[in-house]
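For reference, the chains in residue letters:
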Amino acid sequence: MKSFDRPFPQFIGNDGAKNQIAAYLQSGQFPHALLIEGPTGSGKKTLARLIAGAAVCENAEERPCGRCAGCRKAAENIHPDVEEFSGTGGERSFHIDTVRVLRHNAYILPNEAEKRVMILSNAHQMTPQAQNALLKILEEPPVHLLFILTCENRAQLLPTIRSRVTVLSLTGVSFEKAYPLLKEKLPEANEGDLRRTFTAFGGVIGPVLSGFADKGLSKALDLLPRMAKALLSPDDWELIALTGEIEKDKETVKEVLNGLHLLFRDALMLHYGSTATLSTAPDAARTLSAALSGTRLTALIKEVEGLQEDTRRNMNQALLLSRLVTRLRSAAIG
Ligand SMILES: [Zn+2]
């Protein structure tokens, strides 16, 4: 079987992972279970669907051909041999019942393609019971089956699962590589804003796109310099008022925390003489760097990381924001 030397030109960057997939397509030998790991928004699901498409392509000469019925159905997410499973989004929301369904379906022969593909999105949300229920079939799957799991980091899965999958790691990409896609998706945005936002998210495209689309990001970008100023004010009220502006919006809070993390990191770097800034609020970084000691800036970074952990645990929003005020204020001026 011949195939593209460079599969998935529409999937930007991540040449390491793509070369790995090219080798599988070239040899016609796919591992029976792939795990795609990478940060939120790095394209795990997109890549999983592209690989699934290649697996159900009907063109033996060139896979994925992009033209056959298999490719077209996969692209529209309506191929009967590609199934997606996931939890409802929260931690441990991917239950054993779902795994029982997929175990049952796994033995059904493919309808149209040579392969049946099961995509298990955010596999780290599986309960330990669900992961254990998956083990056996992951170890000895029917020959027609390809599993594609996704998660942020392989360490989130049980070691017994990790040892049964082949890992593809995704990372962020350079602004230059991402720019044509960003410009196509966000024609209204100017290059400077795109570059700053892109850098703020460590080269991961998803959050930039969704941030611009849902206005949550612009809210976060607007808040960051004001929060930096409020951190240094004589009392807590200024910061409390600012958190009031985001108390109903979980996603914006996440973006604010990401932004604060970069801001404090930049301030610390400036403190030690580096000029490379990553944050979207370079003036605020300079102000903090001049006003606070290295120890305080380091403490602020630690506190933000703690709060990010709290959001991952789905902490009550009001509690989280009151923690944000007390902890950041005490790290900054306490
Ligand atoms: Zn095809």
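What counts, and at which threshold
Residues numbered from 1 in each chain as written. Predicted model: local features only at pLDDT ≥ 70, side-chain atom pairs only at ≥ 80, totals over all residues. Helix = DSSP H or I, 4+ residues; strand = E, 2+ residues; numbered from the N terminus. Buried ≥ 20, exposed ≤ 12 C-beta atoms within 10 Å, placed from the backbone. Domains from an automatic or database assignment. Pairing = 2+ DSSP bridges. Axes fitted to C-alpha atoms, helices over the stretch in contact; angles between N-to-C directions. Contact = placed C-beta atoms within 7 Å. Parallel < 35°, antiparallel > 145°, perpendicular 65-115°, else oblique. Left-handed = near helix turned anticlockwise from the far one by under 90°. Nonpolar A, V, L, I, M, F, W, Y, C, P; charged D, E, K, R; others polar. Core = buried A, V, L, I, M, F, W, Y, C linked by C-beta atoms within 7 Å. Expected span 1.5 Å × (residues − 1). Arc of directions from axis to C-beta.

## Looking at the overall build of the protein
Along the protein, the regular secondary structure elements total 15 helices and five strands. In terms of overall dimensions, the protein has C-alpha extents of about 70 × 40 × 30 Å along its principal axes. Across the 334 residues of the protein, 38% fall into the buried class.

## Re unusual backbone geometry
Residue Arg63 is joined to Pro64 through a cis peptide bond whose omega torsion reads -5°. Notably, Asn14 is not glycine yet its phi reads approximately 50°, a positive angle. By the element assignment, Asn14 lies in the segment before α1 (15-27). Phi is positive for Arg92, which is not a glycine, with a value near 55°.

## Looking at the domain arrangement of the protein
When the parts of a complex come together, some accessible area is lost, and that lost area is often used as the size of the interface. In terms of domain boundaries, the protein breaks down into domain 1 (15-169) and domain 2 (215-333). A straight line from the C-alpha centre of domain 1 to that of domain 2 covers 38 Å.

## Description of the sheet that holds strand β2 (residues 82-85)
To summarise the sheet geometry, strands pair through backbone hydrogen bonds and adopt either a parallel or an antiparallel arrangement. Across the sheet, five strands lie side by side as β2-β3-β4-β1-β5; this open sheet has parallel pairing. Each having just a single partner strand, β2 and β5 (166-169) make up the two edges of the open sheet. Between one strand axis and the next, the sheet turns through 20° on average, direction left out of account. By the bridge criterion, four bridges tie β2 to strand β3 (residues 116-120) in an arrangement that is parallel. Paired with Glu83 across the bridge in β3 is Met118. Sheet strands touched by helix α4 (residues 96-106): β2, β3 and β4 (145-151). Its angle to β2, the strand with the most contacts, is close to 165°.

## With respect to the environment of Arg265
Following the sequence through the fold, Arg265 ends up in helix α12 (residues 250-271). Look at Arg265 and you get partly exposed, because 19 C-beta atoms sit within 10 Å.

## A closer look at the packing of helix α14 (residues 294-312) against helix α15 (residues 317-333)
Two elements in contact, α14 and α15, have axes separated by 9 Å at closest approach and are oriented at 165°. Taken together, the axes of α14 and α15 are roughly antiparallel relative to one another. For the pair α14 and α15, the crossing hand works out as right-handed. Across the interface between the two elements, Arg296, Ala299, Leu300, Glu303, Leu307, Asp310 and Thr311 from α14 touch Leu320, Arg323, Leu324, Arg327, Leu328, Ala331 and Ala332 from α15. The residue makeup of the contact of α14 with α15, split by class, is eight nonpolar, one polar and five charged.

## Comments concerning the nonpolar core
By size, the foremost hydrophobic cluster in this structure holds 45 residues, and its most contacted members are Leu34, Ile51, Ala52, Val117, Phe147, Ile148 and Leu149. Looking at this core, the elements that each hand over two or more residues are α1, β1 (33-37), α2 (44-56), α3 (69-75), β3, α5 (128-139) and β4. Per-element accounting of this core gives the leading share, eight residues, to α2. Excluding residues within four positions of it along the chain, Ile148 makes contact with Leu34, Ile36, Ala48, Ile51, Ala52, Val117 and Ile119. Counting residues in each nonpolar core, the second largest holds 32 residues, with Ala230, Ala267, Leu268 and Leu321 among its members.

## Quick look at α14
In this model α14 runs 27 Å from its N-terminal to its C-terminal C-alpha over 19 residues, within 8% of the 27 Å that 1.5 Å per residue would give. Every buried residue of α14 is listed here: Leu297, Leu300, Glu303, Val304 and Leu307. On an axial view of α14, the arc spanned by its buried residues comes to 120°, and they lie on one face. Counted as exposed and oriented over 90 degrees from the buried face of α14: Gly294, Thr295, Gly306, Glu309 and Arg312. Tucked into the core, α14 has its buried residues touching α12, α13 (282-291) and α15. Two residues or fewer past α14, Asn314 is found with a positive phi of approximately 60°.

## With respect to the packing of α12 against α13
Remark: α12 packs on α13, axes separated minimally by 8 Å, with the N-to-C direction vectors making an angle of 55°. One finds that α12 runs oblique with respect to α13. In terms of crossing hand, the pair formed by α12 and α13 is right-handed. Facing α12, whose interface residues are Leu263, Asp266, Ala267, Leu270 and His271, α13 presents Ala284, Ala285, Arg286, Leu288 and Ser289.

## Side note on the environment of Cys68
Take Cys68: it is sitting in the loop between α2 and α3. The spacing of Cys68 and Leu262 is 194 residues in sequence and 46 Å in space, taken between C-alpha atoms. Those residues within four positions of Cys68 in sequence are excluded, and the remaining contacts are Cys57, Glu58 and Asn59.

## Comments concerning α1
Helix length check: α1, at 13 residues, gives a terminal C-alpha distance of 18 Å against a target of 18 Å (1.5 Å per residue), a fit within 8%. Its buried side turned inward, α1 meets α2 and β5. Among the residues trailing α1, Gly28 stands out with phi positive, at a value near 75°.

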